[in-house]
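Here is what each chain is made of, one letter per residue.
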Protein chains: 2
Amino acid sequence: MSILDTGVRNVRNVLRYTVGEGALSELPKLLAARRSEGTYSIVFFIDAFFKSQPDIIARLGITSDDKTVFVATEEEPSTDAIDQITIQLRDIGFAQPCAIVGMGGGITMDVAKAVSNLLTNGGKAEDYQGWDLIKTPGIYKVAIPTLSGTGAEATRTCVMTNKRTSLKLGMNSDFTVYDQIVMDPMLTATVPRSQYFYTGMDAYIHCVEALAGNYRNAIGDAYSRETINLCRQVFLEGDMMSPLNRERLMVASYLGGCAIATSYVGLVHPFSAGLSVVLGLHHCVANCIVMRAMQPYYPKEFDEFWKMVEKQEVDIPEGIARNLSDYQYEQLYASTIIHQKPLTNALGEEYRNTLTKEKVTKIFKQM
Amino acid sequence: MSILDTGVRNVRNVLRYTVGEGALSELPKLLAARRSEGTYSIVFFIDAFFKSQPDIIARLGITSDDKTVFVATEEEPSTDAIDQITIQLRDIGFAQPCAIVGMGGGITMDVAKAVSNLLTNGGKAEDYQGWDLIKTPGIYKVAIPTLSGTGAEATRTCVMTNKRTSLKLGMNSDFTVYDQIVMDPMLTATVPRSQYFYTGMDAYIHCVEALAGNYRNAIGDAYSRETINLCRQVFLEGDMMSPLNRERLMVASYLGGCAIATSYVGLVHPFSAGLSVVLGLHHCVANCIVMRAMQPYYPKEFDEFWKMVEKQEVDIPEGIARNLSDYQYEQLYASTIIHQKPLTNALGEEYRNTLTKEKVTKIFKQM
């Protein structure tokens, strides 16, 4: 199969970004500029972890006119949860804040995106699960990533689980893209090492998948290559959590997000989605678990991945899908094989011939 | 000297970009979407070369309500020329077009930027030469690069020469950044080989300078590295003008523009500016001429540059500053040494101790 057009057309960039140790100090000034236009209040979505970090909260410039919502990150957001938050904000007079801030990892940044869209577009979150269904720009929004790797700060989607339809699908829209990102590597200093590694590997893995794919273009390739390059510096040279490496990984996450905006993932993400749906594993650790079985598909990157694991002395769970019931393997197969676009990207249109139920089960057992 | 903060803060991205063979076909639709909002007319600034390419002009979707201005590119735009174009547009009823299109190389894209700013901000072009002097967003503007390398499609400035003050300085402003870029590699197929090479080398050279500088940050470095990587593919592997390589160089130009938005050039650009000011040489060929004397400062890149020249069988003018008058060497020295920021970036604050008048003259004689 030769290289195919990605079909990705007009790409929406994040409008502005600021990066570097101390970038967070600029936030109150950035927000003040918004406050003078139109309404005054701002809604802050903040990862619940920061409840225990009053020093950081104090630096955000939150006023008594604002509303802070701490986001629990045990589970990925459901469409119901997004609806509920939106209704509550409307009820307490925050129907039209002048800005929404999402400070946290992928989950928190995604919640802020979804609520921003819903406040201006009306209806329910599930009405917008799909592609280009949002009609009106959302509330102006600012991302402050406190975990690096998913690229949520740069992408045009926000992952949501619909419990009624069992659909895990975001609001894919240009309007979902952030207006402003504030990247301050100070914020990732307190992340547990294993979580820092798993999340960072999301950037590495989706760029590996993109570069090995059939659907490609010159700019997606460029972003992917440089993201992988940065990940090599971070995870193969010295301590991955040194101040310089935390800044590099923050940049890698952003550029990796730009990469997936113009390309597709491959084999790892569909298998990882299977683990999330059936066994409830978090996306980033699930990706790393899938890498246990990826030697035949991404041989060089498989070796490099395990070198990074060893160098940074991180544990990747093992045997997690080894002794499951037939029913569970059925479910795993079903929730892997539905990812048509990534699997076609990796294996071509006849991917079902390669990935039979037996083969998929065998792969899961290798994890 | 250790690595210093660039001081670059909140960076404005181009809002949208489209890339790939055939991207130009999307233009009429993109413009139609603007036409339905507010006024209907559009001003097209087009490199005068395209007068002889009616097939391409026909694809732009120009209507009888629009105005086309063909831009001569023998000289860099003067503030007087920008003022004159702006007055003429106002006089013939184009004071508030719904969009401005700049289709060409750096000069044409810069003219479109400057006129867009001036139409909404009033006054004269020279009033805005400097940093952050523009107060109001310009007319919505679209860049269609037809030459790859300068990065004008991505940067926040537009070079203008002020004949009264002899100042070569742009309107450095977030408002100068394009709203939309359309990157169609088909458009660079007819560029003369030497011009294609010189212009492409602008991207390579400013990224080499940035990566060797004292002022750095993680994202500027990332953009620079990938730009250089793309230039290596284009100029060291096969024909630099193959369709794939033309797409790669278009991406390199854009990412190189993103790189200079967050970093500084070094030694080459000040010497190159000297050649432009005193001998009237075009920016991109002047850069290449300066590379003749850069072995002591960028030794590895010097070797790589000349390998690229050889591989692509391009001529770089030689001996151009070898036998000049004392007065001309005085002028060359003066117009090189004033570039304080780039020279500090390259050599540190005491750069005048290294770059004495004798030394600078010797360097020019090596070209």
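Everything below is about the structure printed above this text.
Residues numbered from 1 in each chain as written. Chains lettered and ligands numbered in written order. Predicted model: local features only at pLDDT ≥ 70, side-chain atom pairs only at ≥ 80, totals over all residues. Heavy atoms only, no water.

A.B. asks: Is there a simple way to think about the overall build of chain A in this case?
C.D. replies: The helix and strand tally for chain A stands at 14 helices and 13 strands. Here chain A has a C-alpha radius of gyration of 20 Å; the compact-globule value for 367 residues is 21 Å, and the two agree. Projected onto its principal axes, the C-alpha positions of chain A cover 60 × 45 × 40 Å. Looking at chain A as a whole, 58% of its 367 residues qualify as buried. (Helix = DSSP H or I, 4+ residues; strand = E, 2+ residues; numbered from the N terminus. Rg over C-alpha atoms; globule rule 2.2 N^0.38 Å. Buried < 20%, exposed > 50% of the residue type's maximum accessible area, 1.4 Å probe, protein only.)

A.B. asks: Help me out: how do you make sense of the interface of chain A and chain B in this one?
C.D. replies: How large an interface is tends to be reported as the accessible area lost when its parts come together. Every contact between the two is made by 31 residues of chain A and, on the other side, 31 residues of chain B. Interface of chain A and chain B: buried area, both sides summed, is about 2900 Å²; carbon and sulfur atoms make up 51% of it. Interface area lost by chain A to chain B is led by N10, Y17 and I219 of chain A, which between them contribute 22%. Across the contact surface, chain A and chain B share 4 salt bridges. R225 of chain B is the partner of E226 of chain A in a salt bridge, and the nearest nitrogen-oxygen pair spans 2.6 Å. The tally of links between chain A and chain B comes to 14 residue pairs in polar contact (both at pLDDT 80 or more). Of all the elements in the fold, those that place two or more residues in the side of chain A that touches chain B are strand 2 (11–12), strand 3 (16–19), helix 6 (218–236) and helix 7 (243–260) of chain A. Ranked by residue count, the leading element in the side of chain A that touches chain B is helix 6 of chain A, at 9 residues. Its residues assigned to classes, the side of chain A that touches chain B shows 14 nonpolar, 8 polar and 9 charged. Across 2 bridges, the pairing between strand 2 of chain A and strand 3 (residues 16–19) of chain B is antiparallel. Across the sheet, residue V11 of chain A finds its bridge partner in strand 3 of chain B, namely Y17 of chain B. (Contact = heavy atoms within 4.5 Å. Buried area = accessible area lost by both parts, 1.4 Å probe. Salt bridge = Lys/Arg side-chain N within 4 Å of Asp/Glu carboxyl O. Polar contact = N/O pair within 3.5 Å; in protein donor to acceptor, adjacent residues only side chain to side chain. Nonpolar A, V, L, I, M, F, W, Y, C, P; charged D, E, K, R; others polar. Pairing = 2+ DSSP bridges.)

A.B. asks: Can you help me understand the pattern of salt bridges in this one?
C.D. replies: When the charged atoms of two side chains with opposite charge come close together, those side chains can pair. Scanning the entire structure with this criterion turns up 30 salt bridges over all chains. Notably, a salt bridge pairs D66 of chain A with R35 of chain A, separated by 2.7 Å at the nearest N-O pair. A residue pair is termed long-range when its members are at least 10 positions apart, and D66 of chain A in the loop between helix 2 (54–58) and strand 5 (67–71) and R35 of chain A in helix 1 (residues 27–35) qualify at 31 residues. On the accessibility criterion, D66 of chain A (10% relative accessible area) is buried. Exposure remark for R35 of chain A: the relative accessible area of 7% places this residue in the buried category. A single network of salt bridges, built from pairs that share partners, joins R16 of chain A together with D132, R156 and D174 of chain B.

A.B. asks: Just checking my understanding: could you explain the state of the cysteines for this structure?
C.D. replies: When the sulfur atoms of two cysteines share a covalent bond, that bond is a disulfide. Applying the stated criterion across every chain, the model contains 0 disulfides over all chains. Not part of a disulfide, C258 of chain B finds its nearest cysteine sulfur in C258 of chain A, a span of 8.8 Å. (Disulfide = S-S within 2.5 Å.)

A.B. asks: How should the packing of aromatic side chains be read in this particular structure?
C.D. replies: Centre distance and the angle of the planes are the two values used to describe a pair of aromatic rings. Here the structure, examined in full by the defined rule, presents 18 aromatic pairs over all chains. Seen in terms of ring centroids, F197 of chain A and F235 of chain A are 5.3 Å apart; in terms of plane orientation they differ by 80°. Their pairing is edge-to-face. Here F197 of chain A, found in helix 5 (residues 193–211), pairs with F235 of chain A, found in helix 6; they are 38 residues apart in sequence, far enough to count as distant. Grouping aromatic residues by their ring pairs yields a cluster made of Y196, F197, F235, F302, F305 and W306 of chain A. Between the NZ or CZ atom of R35 of chain A and the centre of the ring of Y40 of chain A, over which it lies, the distance is 5.0 Å. The positively charged end of R34 of chain B is found above the aromatic ring belonging to Y140 of chain B, 3.7 Å away from the centroid. (Phe/Tyr/Trp six-rings, centres within 6.5 Å; stacked < 30°, edge-to-face > 60°. Lys NZ or Arg CZ within 6 Å of the ring centre and 35° of its normal.)

A.B. asks: Would you explain the relation of the copies chain A and chain B in this entry?
C.D. replies: In this arrangement, two copies of a chain are superimposed by a rotation about an axis accompanied by a shift along the axis. When chain A is fitted onto chain B, the two copies agree to an RMSD of 0.0 Å after a turn of 180° and an axial shift of 0.0 Å. Expressed as an axis order, the relation between the two copies is that of a two-fold axis. A shared interface surface links the copies, since 100% of the contact residues of chain A are contact residues in chain B too. (Least-squares fit on C-alpha atoms with pLDDT ≥ 70 in both.)

A.B. asks: I'm lost on the pairing of strand 3 of chain A in this one. Help?
C.D. replies: Note on strand geometry: in a regular strand, side chains alternate between the two faces of the sheet. In this sheet, strand 12 (residues 180–183) of chain A lies alongside strand 3 of chain A in parallel orientation, the contact comprising 4 bridges. Pairing of R16 of chain A across the sheet is with Q180 of chain A, part of strand 12 of chain A.

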